[in-house]
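# Structure assessment
One-letter residues, chain by chain:
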Amino acid sequence: MAEKLSAVKGMNDILPASVPRKEKLPDSALWQWFETSVRTVMRRYGYQYLLTPIVEPTALFVRGLGEVTDIVEKEMYSFTDSMNGDKLTLRPEATAGIVRAMNEHNALYNGPLRLWTIGPMFRHERPQKGRYRQFHQLDVEALGFAGPDVDAEMILMARALWRELGLVEGRDVRLEINSLGQPAERHQHRDALVRYFEQHADVLDEDARRRLHSNPLRILDSKNPAMHALIEGAPRLIDFLGEGSRAHFQAVQGALDAVGLAYRVNPRLVRGMDYYNLTVFEWVTDQLGSQGTVCGGGRYDGLIEQLGGKPAPAVGFGLGIERLLLLLQELAVPVPDTACDAFAVVPPGVPLAPVMATLEALRAAGVRVVQAAGGADGPGSMKSQFKRADASGARFALIFGPDEVAQGKVAVKPLRDPAGAQVAQAIDNPASWAASLLA
Ligand code: ATP
Ligand code: MG
């Protein structure tokens, strides 16, 4: 036998529940339910769907995310196009690509835009539960909006999604917010930070020492536990905010208060990209160990201009789909019924044409029907077909027995309701009984 090939480390197949796998990862039914819920919520808030390429010029991320960030320094899958020498990168996040696309198409010319996308992102990290090299994000962006109301809208949209999925905010996921102020305020804070860390140079780890002068704010984002006490005592950006930044932050909090959404102001929340200003937020959970951030975002008023567009404010968030689905799995949140309505049992020798015509008519009427089909020698024994009918989760078996078919009938047998009685229905008029199969 030929040797089997494996997926790239840290990159997972997303499979139906019927395919057993070693690692307990969310199955494709959970994914689909998530995507359906996302579509529902995005429509409710008037956000439009878009798709951008998975491969972008490397320069987009270096310029967009900042040279001294975890992502750009050590997590990007970058390569040279062997055909023409172009420097390319598998996108590590979605915002830079969306801003590139909107700039390229002068999309903000006719006014602000509310957008969302879903897709794979790539980061060369150490794979572990909730952290992969290919992972997926829901990404939501509002471009051209300056006001704090849109910051609040973003946060509330995430809450609406939690509710749609059966998660309870405050219990399953908690909201943390902060303000990063404006660049000038950050510079003052940065000077204070550098002075502080210089005084404690002996405690700094290698990453921090390197970043001390290039990007000291990033030190606050350190994942090294040995650095945490030092970081706790560092000067807080929030104490350097000017009046405008303070007012913006107050307005966001006011909007959240007004709808009764609880949050914690976390002055240490900085986020991993350089492009953020003013509001930043994260939705976190205690259920996933150190991979506890399921959703993070904030305002990035400078990025559109930085990437060559006409200056325009913006705000957005990215949601880690694997982490969210792991959380749903952890909490055993019930997934709406994904089984079919009916399973068609077709004994050997029964003519297929009228059977398939009936099933097609049922499907056209919205019934989810699976046929025992595909065997080289026909659909197999009645016993094996009934086994498959049971395993399918269907509520009804449609039994096309030779005697019934000869009389123009099909037997409809309830599989889940012990009190339900089998009835005979007309093969040539499925529309008249299709509704009786629907849940
Ligand atoms: P972390 O601090 O956990 O590394 P991050 O700040 O790098 O997260 P963002 O760039 O803000 O993450 O991406 C938004 C979301 O995408 C995260 O909150 C998380 O849920 C998810 N995410 C980020 N990196 C990964 C990964 N390697 N595998 C799975 N999900 C990820
Ligand atoms: Mg990260």
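Residues numbered from 1 in each chain as written. Chains lettered and ligands numbered in written order. Predicted model: local features only at pLDDT ≥ 70, side-chain atom pairs only at ≥ 80, totals over all residues. Heavy atoms only, no water.

- An unreviewed UniProt entry lists the protein under the name Histidine--tRNA ligase, from Ramlibacter ginsenosidimutans.
- Under Catalytic activity (unreviewed entry), UniProt gives the following word-for-word description of the protein: "tRNA(His) + L-histidine + ATP = L-histidyl-tRNA(His) + AMP + diphosphate + H(+)".
- As recorded by UniProt, the Sequence similarities (unreviewed entry) comment attached to the protein reads in full: "Belongs to the class-II aminoacyl-tRNA synthetase family." (UniProt positions renumbered as here; feature names shortened; annotations may be inferred.)

### So, helix α12 (residues 352–364)
- Given a rise of 1.5 Å per residue, 13 residues ought to cover 18 Å, and the 18 Å separating the end C-alpha atoms of α12 matches this to within 8%.
- Count one or two residues on from α12 and you reach G366, which has phi positive near 95 degrees. (Helix = DSSP H or I, 4+ residues; strand = E, 2+ residues; numbered from the N terminus. Expected span 1.5 Å × (residues − 1).)

### Considering the domain arrangement of the protein
- Partitioning the protein into structural domains gives domain 1 (28–181 + 241–330) and domain 2 (342–437).
- Using only C-alpha atoms to locate each centre, domain 1 and domain 2 end up separated by 47 Å. (Domains from an automatic or database assignment.)

### Comments concerning the sheet that holds strand β10 (residues 293–299)
- Read from one edge of the open sheet, eight strands run β1-β5-β6-β11-β10-β9-β7-β8, paired in mixed fashion. Each edge of the open sheet carries a strand with a single partner, namely β1 (48–49) and β8 (264–265).
- Of the pairings in the sheet, the one linking β10 to strand β11 (residues 314–320) comprises five bridges and is antiparallel in character. Bridging across to β11, C295 finds its partner in L319. (Pairing = 2+ DSSP bridges.)

### Structural notes on empty space enclosed by the protein
- Per the stated rule, a full pass over the model turns up one cavity of 30 Å³ or more.
- Within this model, the largest cavity holds a volume of roughly 80 Å³.
- Residue lining of the largest cavity: N12, D13, I14, L25, P26, W31, Q134, H136 and E322, and that is the complete set.
- When its residues are assigned to classes, the lining of the largest cavity shows four nonpolar, three polar and two charged. (1 Å grid on protein atoms, 1.4 Å probe; cavity = no way out; pocket = protein on both sides within 12 Å on 5 of 7 lines; lining within 4 Å. Points joined across faces, edges and corners; volume = space filled by probe spheres on them. Nonpolar A, V, L, I, M, F, W, Y, C, P; charged D, E, K, R; others polar.)

### Comments concerning the side chain of E169
- Of note, E169 is situated in the loop between α5 (148–164) and β7 (174–179).
- In this structure E169 comes out as buried when scored by relative accessible area, which is 17%.
- Setting aside its immediate chain neighbours within four residues, E169 contacts R159, W162, R163, L261 and W283. (Buried < 20%, exposed > 50% of the residue type's maximum accessible area, 1.4 Å probe, protein only. Contact = heavy atoms within 4.5 Å.)

### A short note on the UniProt feature "domain: Aminoacyl-transfer RNA synthetases class-II family profile" (unreviewed entry) in the protein
- Those residues carrying the UniProt feature "domain: Aminoacyl-transfer RNA synthetases class-II family profile" (unreviewed entry) are residues 34–347 in this numbering.
- Spanning residues 34–347, this segment combines 36% helix with 21% strand, and its end C-alpha atoms are found 38 Å apart.

### A word on the packing of aromatic side chains
- Summed over the entire model, instances satisfying the criterion amount to six aromatic pairs.
- Both rings, one in Y49 and one in W116, keep their centres 4.7 Å apart while their planes meet at 45 degrees; by these two values the pair is tilted. One end of the pair, Y49, is in strand β1; the other, W116, is in strand β5 (residues 113–122), with 67 residues separating them in the sequence.
- According to the relative accessible area criterion, Y49 is partly exposed, its value standing at 48%. (Phe/Tyr/Trp six-rings, centres within 6.5 Å; stacked < 30°, edge-to-face > 60°.)

### A look at the UniProt feature "binding site: L-histidine" (unreviewed entry) in the protein
- Under the local residue numbering, the UniProt record ascribes the feature "binding site: L-histidine" (unreviewed entry) to E93, A94, T95, R123, Q137, E141, R271, Y275 and Y276.
- Mapped onto the fold, T95 is located in helix α4 (residues 95–104).
- The contact partners of T95, leaving out residues within four places of it in the chain, are D139, E141, Y275, Y300 and L303.
- Within the element layout of this structure, Q137 appears in strand β6 (residues 134–143).
- Those residues in contact with Q137, other than ones at most four positions away along the chain, are A94, T117, I118, G119, M121, R123, G318, L319 and I321.

### Things to note about unusual backbone geometry
- With a phi close to 45 degrees, N106 is a non-glycine residue in the positive phi region.
- Along the chain, the position of N106 falls in the loop between α4 and β5.
- Overall, the relative accessible area of 58% leaves N106 in the exposed class.
- For A332, which is not glycine, the phi torsion reads 50 degrees and is therefore positive.
- Mapped onto the fold, A332 is located in the loop between α11 (321–330) and β12 (342–345).
- Given the relative accessible area of 61%, A332 is considered exposed.

### Notes on a nonpolar patch on the surface
- Together, I54, V55 and F79 make up an exposed nonpolar region whose accessible area comes to about 210 Å².
- Relative to the helices and strands, F79 is located in strand β3 (residues 77–80).
- For F79, a relative accessible area of 36% corresponds to the partly exposed category. (Patch = residues over 30% accessible without salt bridge, like charges linked within 9 Å, V, L, I, M, F, W, Y side chains within 5 Å. Areas by Shrake-Rupley, 256 points an atom, 1.4 Å probe, with all protein chains shown as cover. Salt bridge = Lys/Arg side-chain N within 4 Å of Asp/Glu carboxyl O.)

### Some points on the environment of L193
- As for its placement among the helices and strands, L193 is situated in helix α6 (residues 183–199).
- Along the backbone, L193 and R236 are 43 residues apart, and their C-alpha atoms lie at a distance of 8.5 Å.
- Once residues within four sequence positions are removed from consideration, L193 is found in contact with P216, L217, L220, A234 and P235.

### Some points on the nonpolar core
- Ranked by size, the top nonpolar core spans 55 residues in total, and within it F34, L138, W162, W283, F317 and L319 carry the most contacts.
- The biggest single contributor to this core is α5, with ten residues.
- Counting residues in hydrophobic clusters, the runner-up holds 43 residues, among them L65, F197, L217 and V270. (Core = buried A, V, L, I, M, F, W, Y, C linked by side-chain atoms within 4.5 Å.)

### Section: the sheet that holds β3
- The sheet built from three strands is open, its strands ordered β2-β4-β3 with antiparallel pairing. On the outer flanks of this sheet lie β2 (55–57) and β3, each paired with one strand and no other. On average, each strand axis in the sheet is tilted by 35 degrees relative to the strand beside it, whichever way the strands run.
- Inspection of the sheet shows β2 paired to strand β4 (residues 87–90) by three bridges, in the antiparallel sense. What sits directly across from V55, in β4, is L90.
- Against the sheet, helix α2 (residues 58–65) touches β2, β3 and β4, its axis set at about 70 degrees to β2. (Axes fitted to C-alpha atoms, helices over the stretch in contact; angles between N-to-C directions.)

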